Amino acid sequence: MSSHRANSNTSAIHVLSKVSIALSETLSLDKLLYKAVAQCIEICSFDAAVVYFLEPSGNYFEAQHFYGIRYESSEQLKKLPTDFIGGIVIKNGKTIVTENLAQHYQQRPQLEDFQSLISVPIKARKETIGVLDVFTKNHRDFSQEDISLVESIGLQIGVASENAKLFESVENVTTKLRELVTLNQRIASCLNVEALIQVLTTELSCVFKADILFLSKNDSPILQVNASNQYEGSQLTSDSLIENMLLQEPNKIHHYKRRQTQQDLDAVFERFEIQRAEFINFSYRANLHCLIIAKEQCHQWTIAEQEVMEGITKTISLALTNSYLFLEVEKSRERNSNLRALQTSAQEKERQRIAGEIHDSINQSLSGLYFHLQYCRDEIEHSPEKVKAILDKLLSITKDNINELRQIIHDLHPLAIQKFGFVGAVDELVKTCSMQEIMKIKLSVVGQPVRYEPEIEIQLYRVLQECMNNALKHSEAGEVMISMNFELARLRIMVEDDGVGFVPSEQLSDNHAYGIMGMETRIRDIGGTLSIFSQRGRGTKVEITL
């Protein structure tokens with residue numbers, strides 16, 4: 001008797017060992033259940049088996065694997081209510097043995113091929129999550145060893161299935177993390193604002209399985225909509241409600257649910273037929289954006305989704321900032337390129353002008369002087385009085401030529417700075433411009449003037465020259481006031497006129513626009529700042545701080 005029991009125990013251990021080995025060979029839930037059921041049937045000499053798991057609602061069983069059951073019957077057994085034997089097993093967490101199934105054929109006619117049944121609980125973390133049903137075609141008196149063996153297999157299935165689900169969950173999370181890392185890299189490397197918004201709209205729709213809308217607004221009253229649904233490419237006229245939403249705290253997840261939040265949000269989201277959403281605002285200067293993740297009313301915003309969004313929000317904010325900075329750099333490069341081209345052109349025109357002036361005036365005057373002096377040399381003995389009159393005239397012409405030459409030299413390099421200092425040179429410039437009698441020009445100097453490096457004084461002088469030229473050509477002003485304030489640690493210069501003014505943000509003519517850019521570049525190059533304040537009809541003020 002003891003020998004039979006020992007053999008029985010050895011056989012049971014052998015069976016469980018084979019099942020355990022089979023279950024340890026895979027983490028795929030489908031393969032795992034197939035191996036468990038197959039081993040249970042083959043080793044224990046049963047005829048059929050089914051593994052059922054309880055649905056989340058708790059009202060139905062779903063069959064995960066069949067073995068030894070006809071196809072027609074298995075189709076009818078795939079989903080069963082919990083009002084049969086398995087329901088009692090789930091409720092009590094205990095095995096039920098039914099050695100005569102005939103009494104249940106009326107309720108489950110699909111089981112008419114079988115006579116006996118063992119239904120054991122499948123448990124994970126002390127909770128019953130399903131049942132393992134094993135059948136025999138002939139009537140069988142199940143021994144306690146049979147029951148214990150099936151129960152042990154049921155427990156192993158529970159543990160193995162839980163491990164498989166955990167592995168599947170980890171795989172899903174790992175896959176999702178890989179996708180998010182890739183998405184983060186794509187977002188971070190995108191330096192075009194429009195392309196970035198398109199990537200976000202498309203990719204986030206896949207990540208969150210939701211409609212994505214990306215609202216964008218700048219100085220214009222038009223609201224641009226990028227979306228993963230029918231609103232893609234649409235435009236709206238912005239209003240105070242939209243403005244208020246766009247100005248809510250940036251880089252933070254805001255939650256919206258119809259009629260549970262502010263009524264003004266209801267008015268905004270109704271335009272897009274949105275019942276529930278999470279939205280995040282982003283801003284860069286005058287550019288406002290709102291990323292909307294639109295959920296179905298019944299869909300809950302999970303903790304995992306919220307963590308993903310919180311993590312990716314910083315990347316989106318940084319990517320938008322980088323895109324706008326890159327755009328500004330590109331525009332600056334274009335402006336600088338245009339400015340260099342204009343400066344080169346201006347230099348060439350200036351060379352042509354100076355060459356023309358020298359050729360038309362000084363060169364011709366010198367040629368005239370030469371021939372007149374030759375004449376005087378030949379006639380001085382015969383007509384001294386006549387030669388004297390000619391020489392007097394030649395002296396006047398020579399004086400005019402000297403003045404013209406000085407002006408040309410001054411245009412090339414303001415020698416007045418070396419002679420009179422920066423303040424004296426500006427005073428000379430004011431006197432020269434005042435001689436044109438177009439407007440009154442006043443110069444005011446406060447504080448003790450100090451000298452800067454020659455290169456700095458020349459740049460300041462050139463900027464003031466440009467200010468005066470702009471005032472003379474464009475302002476239609478009656479008066480210009482130049483004030484220089486020498487403070488303890490800085491120099492402040494203001495040039496203010498009472499002319500027609502202009503709107504700095506409006507498109508200006510190329511020469512005027514590049515003239516202003518040239519002034520800004522000169523002051524920036526010497527470490528100063530230049531600001532221009534102007535309004536139509538209210539004059540213009542240029543402020544330089546060094």
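Residues numbered from 1 in each chain as written. Predicted model: local features only at pLDDT ≥ 70, side-chain atom pairs only at ≥ 80, totals over all residues. Heavy atoms only, no water.

(A) How the structure looks around the overall build of the protein. Helices and strands together make up the secondary structure of the protein, namely 13 helices and 17 strands. When each of the 546 residues of the protein is scored for burial, the buried share is 41%. Considering only intrachain contacts with a sequence separation of at least 6, the fraction spanning at least 24 residues in the protein is 59%. (Helix = DSSP H or I, 4+ residues; strand = E, 2+ residues; numbered from the N terminus. Buried < 20%, exposed > 50% of the residue type's maximum accessible area, 1.4 Å probe, protein only. Contact = heavy atoms within 4.5 Å.)

(B) Spotlight on the layout of surface pockets. By volume, the second largest pocket amounts to about 750 Å³. In terms of lining residues, the second largest pocket is bounded by 26 residues, among which Val 193, Asn 218, Asn 287, Tyr 324 and Leu 327 are the most central. Of all the secondary-structure elements, those providing two or more residues to the lining of the second largest pocket are helix H6 (193–208), strand E7 (211–217), strand E8 (222–227), strand E12 (287–295) and helix H9 (303–379). For the lining of the second largest pocket, the leading source of residues is H9, giving eight residues. Grouping the constituent residues of the lining of the second largest pocket by class yields nine nonpolar, ten polar and seven charged. (1 Å grid on protein atoms, 1.4 Å probe; cavity = no way out; pocket = protein on both sides within 12 Å on 5 of 7 lines; lining within 4 Å. Points joined across faces, edges and corners; volume = space filled by probe spheres on them. Nonpolar A, V, L, I, M, F, W, Y, C, P; charged D, E, K, R; others polar.)

(C) Just the packing of helix H11 (residues 415–434) against helix H12 (residues 454–475), in detail. Two numbers describe how H11 lies on H12: the axes approach to 11 Å, and their chain directions differ by 0°. Here H11 is positioned roughly parallel relative to H12, judged by the angle of their axes. Counting all contacts with H11, which are made through Ile 417, Phe 422, Ala 425, Val 426, Leu 429 and Cys 433, the residues of H12 involved are Glu 457, Ile 458, Leu 460, Tyr 461, Leu 464, Gln 465, Met 468 and Leu 472. Across the contact of H11 with H12, the residue classes tally to twelve nonpolar, one polar and one charged. (Axes fitted to C-alpha atoms, helices over the stretch in contact; angles between N-to-C directions. Parallel < 35°, antiparallel > 145°, perpendicular 65-115°, else oblique.)

(D) Just helix H4 (residues 85–92), in detail. Taken residue by residue, H4 has Ile 85, Gly 86, Gly 87, Val 89 and Ile 90 as its buried positions. Next to the buried residues of H4 lie strand E1 (48–54), strand E2 (60–67), strand E4 (96–98), strand E5 (116–124) and strand E6 (127–136). Following H4 by one or two positions, Gly 93 has its phi on the positive side, about 70°.

(E) Molecular detail of empty space enclosed by the protein. Enumeration according to the criterion identifies one cavity of 30 Å³ or more in this entry. Of the voids in this model, the largest cavity is the one considered here, and its volume is about 140 Å³. Lining the largest cavity are 15 residues, and of these Tyr 52, Leu 80, Phe 84, Arg 108 and Asp 133 sit closest to its centre. Those elements giving two or more residues to the lining of the largest cavity turn out to be E1, strand E3 (79–81), H4 and E6. Of the residues contributing to the lining of the largest cavity, the split by class is twelve nonpolar, one polar and two charged.

(F) Local environment of the environment of Gln 115. Considering the arrangement of structural elements, one finds Gln 115 in the loop between E4 and E5. Through-space distance from the C-alpha of Gln 115 to that of Ala 102 is 6.8 Å; in sequence the pair is 13 residues apart. With near-sequence residues (within four places) excluded, Gln 115 lies in contact with Thr 98, Glu 99, Asn 100, Leu 101, Tyr 105, Thr 136, Lys 137, Asn 138 and His 139.

(G) Examining the packing of aromatic side chains more closely. Applying the stated criterion across every chain yields a total of seven aromatic pairs. On the numbers, 6.0 Å between centres and 55° between planes, the contact of Tyr 52 with Phe 61 is tilted. Phe 61 carries the same exposure label as Tyr 52, and that label is buried. Taken together, the ring pairs in this structure connect Tyr 256, Phe 269 and Phe 279 into an aromatic cluster. Lys 79 extends its terminal NZ or CZ atom over the ring of Tyr 60, reaching a point 4.9 Å from the ring centre. (Phe/Tyr/Trp six-rings, centres within 6.5 Å; stacked < 30°, edge-to-face > 60°. Lys NZ or Arg CZ within 6 Å of the ring centre and 35° of its normal.)

(H) Highlighting unusual backbone geometry. In this model, Asn 251 sits at a positive phi of 60°, which is unusual for a non-glycine residue. Within the secondary structure, Asn 251 sits in the loop between helix H7 (240–246) and strand E10 (253–257). Under the relative-accessibility criterion, Asn 251 is labelled partly exposed at 41%. The backbone of Glu 273 shows a phi angle near 55°, a positive value even though the residue is not glycine. Its place among the elements puts Glu 273 in the loop between helix H8 (263–270) and strand E11 (276–284). The class for Glu 273 is exposed, based on a relative accessible area of 60%.

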